[in-house]
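Below are the chains, spelled out letter by letter.
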Amino acid sequence: MLNYLPKDLPVPKLHQLLLGGIGPRPIALVSTISEEGTLNLTPFSFFNCFGSNPPIVAFSPSRRGKDGSFKNTYLNLMNNKECVVQSVTYSMVNQINLASTEFSAEIDEFVKSGLTPIESDLVKPKRVKESPFQMECIMKEMRSFGEGGASPNIAICEVLKLHIAEDIVKDGVIHPDDIDLVGRMSANYYSRASGNSIFELVQPKFEIGVGYESLPDFIKESHIYSANNLGTFGTSKSIPDDSEVKKFIEVFENKKIENFEASEEAFYRYQRHNDFQRMLKVAIIFVKESHPKAKTYLELTSQCAIENNDTDFAWKVALYAGNPKS
Ligand SMILES: Cc1cc2nc3c(=O)[nH]c(=O)nc-3n(C[C@H](O)[C@H](O)[C@H](O)COP(=O)(O)O)c2cc1C
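Nothing here was measured: the structure is a model prediction, and the numbers come from that model. (Residues numbered from 1 in each chain as written. Predicted model: local features only at pLDDT ≥ 70, side-chain atom pairs only at ≥ 80, totals over all residues. Heavy atoms only, no water.)

K.L.:
I would appreciate a short explanation of the sheet that holds strand β2 (residues 28-33) in the present structure.
P.N.:
The strands making up a sheet associate through backbone hydrogen bonding, with each pair oriented either parallel or antiparallel. If you trace the seven strands from one edge of the open sheet to the other, you get β3-β2-β6-β9-β10-β5-β4, paired in antiparallel fashion. The sheet terminates laterally at β3 (39-44) and β4 (47-52), the two strands that pair on one side only. Averaged over all pairs of adjacent strands, the angle between their axes in this sheet comes to 30 degrees, without regard to strand direction. Relative to strand β5 (residues 55-59), β4 is paired through five bridges, and the arrangement is antiparallel. Along β5, the bridge assignment pairs Gly 51 with Ile 56. (Pairing = 2+ DSSP bridges. Helix = DSSP H or I, 4+ residues; strand = E, 2+ residues; numbered from the N terminus. Axes fitted to C-alpha atoms, helices over the stretch in contact; angles between N-to-C directions.)

K.L.:
Even after reading the chapter, I still don't get the environment of His 273, so can you show me in this structure?
P.N.:
Among the structural elements, His 273 can be located in the loop between α9 (264-272) and α10 (276-288). Judged by its relative accessible area of 60%, His 273 falls in the exposed class. His 273 sits 31 residues away from Cys 304 along the chain, and the two C-alpha atoms are 9.7 Å apart. (Buried < 20%, exposed > 50% of the residue type's maximum accessible area, 1.4 Å probe, protein only.)

K.L.:
Before we go on, may I ask you to explain the site of the ligand in this structure?
P.N.:
Looking at the ligand, there are 21 residues lining it, with Ser 60, Lys 71, Thr 73, Ser 100 and Glu 102 nearest. With respect to the ligand, the backbone of Phe 46 contributes an N or O atom lying 2.8 Å from an oxygen atom. Protein coverage of the free-state accessible area of the ligand, which is 640 Å², stands at 92%. Looking at the shell around the ligand element by element, the count peaks at four residues for β3. When the residues that make up the shell around the ligand are grouped by side-chain class, the tally is six nonpolar, ten polar and five charged. (Near = heavy atom within 4 Å. Polar contact = N/O pair within 3.5 Å; in protein donor to acceptor, adjacent residues only side chain to side chain. Areas by Shrake-Rupley, 256 points an atom, 1.4 Å probe, with all protein chains shown as cover. Nonpolar A, V, L, I, M, F, W, Y, C, P; charged D, E, K, R; others polar.)

K.L.:
What should I look at first to understand the sheet that holds strand β14 (residues 190-193) in this one?
P.N.:
The strand order β1-β13-β14 describes an open sheet built from three strands, whose pairing is antiparallel. Each edge of the open sheet is held by one strand with a lone partner, namely β1 (25-26) and β14. Bridge count for strand β13 (residues 181-184) against β14 is four bridges, and the pairing is antiparallel. Counted as the bridge partner of Val 182 is Arg 192 from β14.

Now the structure itself:
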């Protein structure tokens, strides 16, 4: 490991390491207004939501790295405490990048970026029409740390009103593919939070899982299961007992599954199609034939089931793999 005390690193290097290790960060596109009425628009990736009751968001318009001076967003907020915070989608990313230019205070950054200002209902700063998620906010507190270049100023804001595009909300949920957000990472890297990068994981909440330490050693020591697979096993509320496993296998053996072929080639084809039912049919035949890789095939079947959210099936096959001839 590389080990550092922050005080021993030049600030730009420390900054870059923090950006690389903490991400992807959501991006707030913050709209403010100056005393003279100039509209300001700036992206901030030191940003998040910190609770919903009341709804609090915070972002950091830090001091400029080069000279420690205050950014226009900070000055506007200290002047009138109002802002609109909007989420940044993939379709806007080049325009928000343009808005991040260090324009002087009298430049309207809506004009520069080509984004469209629309009236807010409760605050003076304008909303950005192109963003499907807009929050009118009032700043509750500005917390500042340090006075040098890149020193943080954390603007803690309460959301007064939300504006959300109707077509991205289904049954009260915003699906990542519909909003298509982007996140900031290190250097010039961004991530697009939709498509193949999205996956689902149900949070255990109040259901207490058996925990990693309760997994049988032959599961923990298997070369097939990944750390994520073991984590999923550990999240289960209980482990099936021997009689449940025996019954499951007996029932499965008698289950009619059309068109399956008992060969290694077919097994891997079924695996590519996430067809863990046919995989098990083949694996059981291999057990009967004392195939040297029968245990591996059972474990691959269990893994396929767990990765396709059938944890009960996965458990029973995993336990059977521990003692298949019993
Ligand atoms: C995607 C992105 C994220 C950024 N995040 C931050 C941030 O969290 N804090 C910050 O001070 N500057 C951040 N910046 C740089 C500011 O956008 C830039 O300094 C801007 O010119 C400040 O504008 P202002 O003076 O109008 O407030 C970011 C830039 C980009 C492109």
